[in-house]
Amino acid sequence: MDGRDVRAVPVDDKMTVPIKKVGVIGSGQMGNGIAHVTALAGFDVVLNDISADRLKSAMATINGNLSRQVVKKIITEDARKQALGKIVPAETIEGLADCDLVIETAVEREETKRKIFHDVCAVLKPEAIVASDTSSISITRLAASTDRPERFIGIHFMNPVPLMELVELIRGIATDDETFDTAKEFVTRLGKQIAVSEDFPAFIVNRILLPMINEAIYTLYEGVGNVEAIDAAMKLGAHHPMGPLELADFIGLDTCLSIMQVLHEGLADSKYRPCPLLVKYVEAGWLGRKTQRGFYDYRGDKPVPTR
Ligand SMILES: NC(=O)c1ccc[n+]([C@@H]2O[C@H](COP(=O)([O-])OP(=O)(O)OC[C@H]3O[C@@H](n4cnc5c(N)ncnc54)[C@H](O)[C@@H]3O)[C@@H](O)[C@H]2O)c1
């Protein structure tokens, strides 16, 4: 396949609400992926994080991932350079002031997200659209904490963003048609497919995926199988590309726990109770790949099960 060029699609016309500049708040594994695909689709990107170190390593990660796409001939070297040139790091929220769309993808904690929306709405123009990449938190409730519930929407990307085809779109109760249509057009320009989900805890993908991962952790906790057996069982016995414990480490165990808590509280059903072993790993700060330890230890040449 020939490499794709970054400016193949004009970005500022034919959209219901014209989007030229996109702000991304949080430069962790999701933030850097969203900045990557957004810049590659030709949009200007401002990438924000409270941590200057995270911001620096996000820029290095994006460069590394774009370079890998060049080697695989998915994009051209010119597209890599142009995409990288479109991403501006910003250490303060004021750097997002002239964005047409802002996508929040900071930690999965409702107070943190509310504070971010409060601060960013104060600097944005009134017509700018605000979106959250939350994995599980109510879009209606997050929207209600802003000055623009009708211009607020859930745009839920999958990890790793440059590779995964799907994006879930979630309307809050007040989200207007213009915002929904613009989000649809934006996601389509990124080359992703859309699944529309109603605004219920954890939406579609995580409503199904996370209870499966939590059950795998119970299977480990109750001694039914060890880490290797559980992952091998689901890879070879159910043709899952990754085992559930490997996948939990990839998602981040803090994020997995937050999603289970949202399901448990939001649906008030004991079948969603988070496994105590998941809680213990999070309390230990063993959050998976991002901290080098979770159900596997990633500090050596190859991952070694921690139980
Ligand atoms: N990990 C996944 O598989 C996945 C998939 C889809 C959606 N999400 C959602 O994306 C969001 C981020 O997840 P992640 O896996 O990238 O987490 P992460 O821990 O890799 O990154 C979170 C980033 O947010 C930054 N941050 C924290 N508070 C901030 C603030 N006030 N302002 C700006 N930046 C701030 C942190 O410094 C960190 O860099 C969560 O809401 C999560 O539920 C995660």
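Residues numbered from 1 in each chain as written. Predicted model: local features only at pLDDT ≥ 70, side-chain atom pairs only at ≥ 80, totals over all residues. Heavy atoms only, no water.

1. Here we look at the sheet that holds strand β6 (residues 152–157)
The sheet built from eight strands is open, its strands ordered β3-β2-β1-β4-β5-β6-β7-β8 with mixed pairing. Edge positions in the open sheet fall to β3 (87–90) and β8 (193–197), since each of these has one partner strand only. Put simply, the sheet's adjacent strands are angled 25 degrees from each other on average, direction ignored. Sheet topology note: the strand β2 (residues 44–48)/β3 ladder contains four bridges and is parallel. Bridging across to β3, Val45 finds its partner in Ile87. (Pairing = 2+ DSSP bridges. Helix = DSSP H or I, 4+ residues; strand = E, 2+ residues; numbered from the N terminus. Axes fitted to C-alpha atoms, helices over the stretch in contact; angles between N-to-C directions.)

2. Comments concerning helix α2 (residues 52–71)
With 20 residues, α2 should cover 28 Å at 1.5 Å per step; its first-to-last C-alpha distance of 29 Å lies within 8% of that length. Here α2 has its buried residues at Leu55, Ala58, Met59, Ile62, Leu66 and Gln69. End-on, the buried residues of α2 take up no more than an arc of 100 degrees, which puts them together on one face. Among the exposed residues of α2, those pointing more than 90 degrees away from its buried face are Asp53, Lys56, Ala60 and Val71. Where α2 terminates, the next one or two residues include Lys73, which has phi positive at roughly 60 degrees. (Expected span 1.5 Å × (residues − 1). Buried < 20%, exposed > 50% of the residue type's maximum accessible area, 1.4 Å probe, protein only. Arc of directions from axis to C-beta.)

3. Details of the state of the cysteines
Scanning the model with the defined rule gives zero disulfides in all. Just so you know, Cys121 is unpaired, no disulfide at all, and the nearest cysteine sulfur is the one on Cys99, 12 Å from it. The exposure class of Cys121 is buried, given its relative accessible area of 7%. (Disulfide = S-S within 2.5 Å.)

4. Section: the domain arrangement of the protein
Looking at the assigned domains, one finds that the protein contains domain 1 (3–197) and domain 2 (206–305). Of note, the centres of domain 1 and domain 2, computed from C-alpha atoms alone, are 27 Å apart. Counting residues at the interface gives eight residues for domain 1 and eight residues for domain 2. Surface buried jointly by domain 1 and domain 2 totals about 690 Å² across both partners, of which 54% is contributed by carbon and sulfur atoms. The largest share of the area that domain 1 buries against domain 2 comes from Gln29, Glu108 and Ser136, three residues that together contribute 52% of it. Summed over the shared surface of domain 1 and domain 2, the number is zero salt bridges. Between domain 1 and domain 2 we count four residue pairs in polar contact (both at pLDDT 80 or more) in total. Of the residues assigned to the side of domain 1 that touches domain 2, the class counts are two nonpolar, five polar and one charged. (Domains from an automatic or database assignment. Contact = heavy atoms within 4.5 Å. Buried area = accessible area lost by both parts, 1.4 Å probe. Salt bridge = Lys/Arg side-chain N within 4 Å of Asp/Glu carboxyl O. Polar contact = N/O pair within 3.5 Å; in protein donor to acceptor, adjacent residues only side chain to side chain. Nonpolar A, V, L, I, M, F, W, Y, C, P; charged D, E, K, R; others polar.)

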